[in-house]
Amino acid sequence: MTETSQSSALRRSDFEVDTAAFKGQTVAVIGYGSQGRAHAMNMKESGCNVVVGVRAGGAGAARAKADGLATAEPAEAAKMAKVVAILTPDMSHEALYREQIAPNLSAGDTVLFAHGFSVHFGRVQPAPDVNVVMVAPKGPGDLVRREYERGRGVPCLFAVYQDADGKARETALAYTACIGGTNAGVIETSFAEETETDLFGEQAVLCGGATELVLAGYETLVEAGYQPEVAYFECLHELKLIVDLLYEGGLSKMHEFISETAKYGDLRSGPRVINDETRARMREVLKDIQDGTFARDWITENQAGKPQYNALLRKDLDHPIEHTGARLRADMPWLQPGANAH
């Protein structure tokens, strides 16, 4: 592995970066989804020269123009820019880079990603004369945008995979600063570390682990004869209360705000559910990620039209907890979009 990783958390005061030079370059943001919009708008308001690479006539182009941004087809945007940020979904990167980005890059240009998947697993292989970096905000695009508008920022990971001109790290930090990330803090990592930990977190804890734990808890209570509605509240609805406490202050804040009974139950029964067998399964998941098994399976699944993915998704969305939840949420108007606007 040619890239490097450093475990040092940095704030803006910890380093010098020439954002003035960065702002003098044209930056192409390819894609105008959640992250694309946040990055493009934040950079524009930081004084950068931004062009959004989107398909003419598409929804992304219309929205970017409505936001006051210049637009061009992805190939043209790449040709115009010194820094090209590819912010489209992972599975689009290979064809997009090969057909529209790579032919329009010049020596010394920088290609930037917000996630390392396509580079780390070899789906995108940039020429040796371009810089390859990553800036990955640790939050969704709407939060990246909202925190910037408040004069703050969302913490970011950044990495250098390939340094062709000796300025790749400086460019990555300048980009991070211009989207607001250095206001909150940045951590230098590697494409391998970011990709593998991100995939593991999603699969074992945040998405796969959490949802399977919720479903197992719900099923256990319903099978024991308890009402589905009560099981829904105890195993899914109230999860947000605990996650918010953890998010805001870690284990200490959660223990501060839950009851003594809940704390004792946590400490006594948590290890009975998440135990050595669970950790062994987690290590299996991590191994599949590290050795490329998961990436190969996901790429093959996409190439086949995602039949297994679609079947598993339908099964998940047809679980009884979804029907119970839909009925209950209909009586909770505060959960609806815009409910807290006034």
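Residues numbered from 1 in each chain as written. Predicted model: local features only at pLDDT ≥ 70, side-chain atom pairs only at ≥ 80, totals over all residues. Heavy atoms only, no water.

## Comments concerning the pairing of strand 8 (residues 156-162)
Look at any regular strand and the pattern is simple: side chains alternate between the two faces of the sheet.
Thought 1: The buried count for strand 8 comes to 6 of 7 residues, which makes it a mostly enclosed element.
Thought 2: Pairing of strand 7 (residues 131-137) with strand 8, which is carried by 6 bridges, proceeds in the antiparallel orientation. Paired with A136 across the two strands is L157, which belongs to strand 8.
Thought 3: Pairing of strand 8 with strand 9 (residues 186-188) involves 3 bridges; the strand directions are parallel. Of the residues in strand 9, the one forming a bridge with L157 is I187. (Buried < 20%, exposed > 50% of the residue type's maximum accessible area, 1.4 Å probe, protein only. Helix = DSSP H or I, 4+ residues; strand = E, 2+ residues; numbered from the N terminus. Pairing = 2+ DSSP bridges.)

## Topic: the packing of helix 10 (residues 191-206) against helix 15 (residues 276-290)
Thought 1: Across the interface, helix 10 lies against helix 15 with an axial gap of 10 Å and an inter-helix angle of 145°. You can see that helix 10 and helix 15 cross each other, and the crossing is right-handed. Together, E196, L199, F200, Q203, A204 and V205 of helix 10 and M282, V285, L286, I289 and Q290 of helix 15 make up the contact between the two elements.
Thought 2: Classifying every residue of the contact of helix 10 with helix 15 by side-chain character gives 8 nonpolar, 2 polar and 1 charged. (Axes fitted to C-alpha atoms, helices over the stretch in contact; angles between N-to-C directions. Left-handed = near helix turned anticlockwise from the far one by under 90°. Contact = heavy atoms within 4.5 Å. Nonpolar A, V, L, I, M, F, W, Y, C, P; charged D, E, K, R; others polar.)

## Observations concerning the pattern of salt bridges
Thought 1: One pass over the full model with this rule turns up 18 salt bridges.
Thought 2: When the shortest N-O distance is used, the salt bridge between R150 and E147 registers 3.0 Å.
Thought 3: The class of E147 is buried, set by a relative accessible area of 11%. (Salt bridge = Lys/Arg side-chain N within 4 Å of Asp/Glu carboxyl O.)

## A few points about the packing of aromatic side chains
Thought 1: Taken as a whole and assessed by the stated rule, the structure comprises 5 aromatic pairs.
Thought 2: Measuring from ring centre to ring centre gives 6.2 Å for F22 and Y175, while their planes differ by 85°; the resulting arrangement is edge-to-face. Highlighted residues: F22 in helix 1 (residues 19-23) and Y175 in helix 8 (residues 168-178), separated in sequence by 153 residues.
Thought 3: A residue is classified by how much of its surface remains accessible, and F22, at 3% relative accessible area, is buried.
Thought 4: The lysine or arginine in question, K306, covers the ring of Y309, its NZ or CZ lying 5.0 Å from the ring centre. (Phe/Tyr/Trp six-rings, centres within 6.5 Å; stacked < 30°, edge-to-face > 60°. Lys NZ or Arg CZ within 6 Å of the ring centre and 35° of its normal.)

## Some remarks on the packing of helix 10 against helix 11 (residues 208-223)
Thought 1: Viewed as axis vectors pointing N to C, helix 10 and helix 11 meet at an angle of 10°, and their least axial separation amounts to 3 Å. In terms of axis orientation, helix 10 runs roughly parallel to helix 11. Within the contact between the two elements, helix 10 uses E202, Q203, A204, V205 and L206 and helix 11 uses G208, G209 and A210.
Thought 2: For the contact of helix 10 with helix 11, the class distribution of residues is 4 nonpolar, 3 polar and 1 charged. (Parallel < 35°, antiparallel > 145°, perpendicular 65-115°, else oblique.)

## Section: the pairing of strand 6 (residues 110-113)
Thought 1: Where burial is concerned, the two faces of strand 6 agree: the one with T110 and L112 and the one with V111 and F113 are both buried.
Thought 2: Summarising the sheet, strand 5 (residues 83-86) and strand 6 pair through 4 bridges and their orientation is parallel. Counterpart to V84 in the pairing with strand 6 is V111.
Thought 3: With 4 bridges joining them, strand 6 and strand 7 adopt parallel strand pairing. Residue pairing for strand 7: L112 is matched across the bridge by V133.

## Observations regarding helix 2 (residues 34-45)
Thought 1: With 12 residues, helix 2 should cover 16 Å at 1.5 Å per step; its first-to-last C-alpha distance of 17 Å lies within 8% of that length.
Thought 2: Within helix 2 the residues assigned to the buried category are G36, A38, H39, A40, M41, N42 and M43.
Thought 3: Where the residues of helix 2 are buried, they touch helix 1, strand 2 (26-30), strand 3 (49-53), strand 7, helix 7 (141-149) and helix 8.
Thought 4: Phi turns positive, to about 95°, at G47, one or two residues after helix 2. (Expected span 1.5 Å × (residues − 1).)

## What about the environment of Q25?
Thought 1: Relative to the helices and strands, Q25 is located in the loop between helix 1 and strand 2.
Thought 2: Separated by 47 residues in the primary sequence, Q25 and A72 have C-alpha atoms spaced 17 Å apart.
Thought 3: Look past the residues within four positions of Q25 in its chain and what remains in contact with it is N49, K82 and V83.

## Focus on the environment of P126
Thought 1: With respect to the element layout, P126 can be found in the loop between helix 6 (117-120) and strand 7.
Thought 2: For the pair formed by P126 and Y97, sequence separation is 29 residues and the distance between their alpha carbons is 8.6 Å.
Thought 3: For P126, the residues in contact, after removing those within four places along its chain, are Y97, V132 and Q162.

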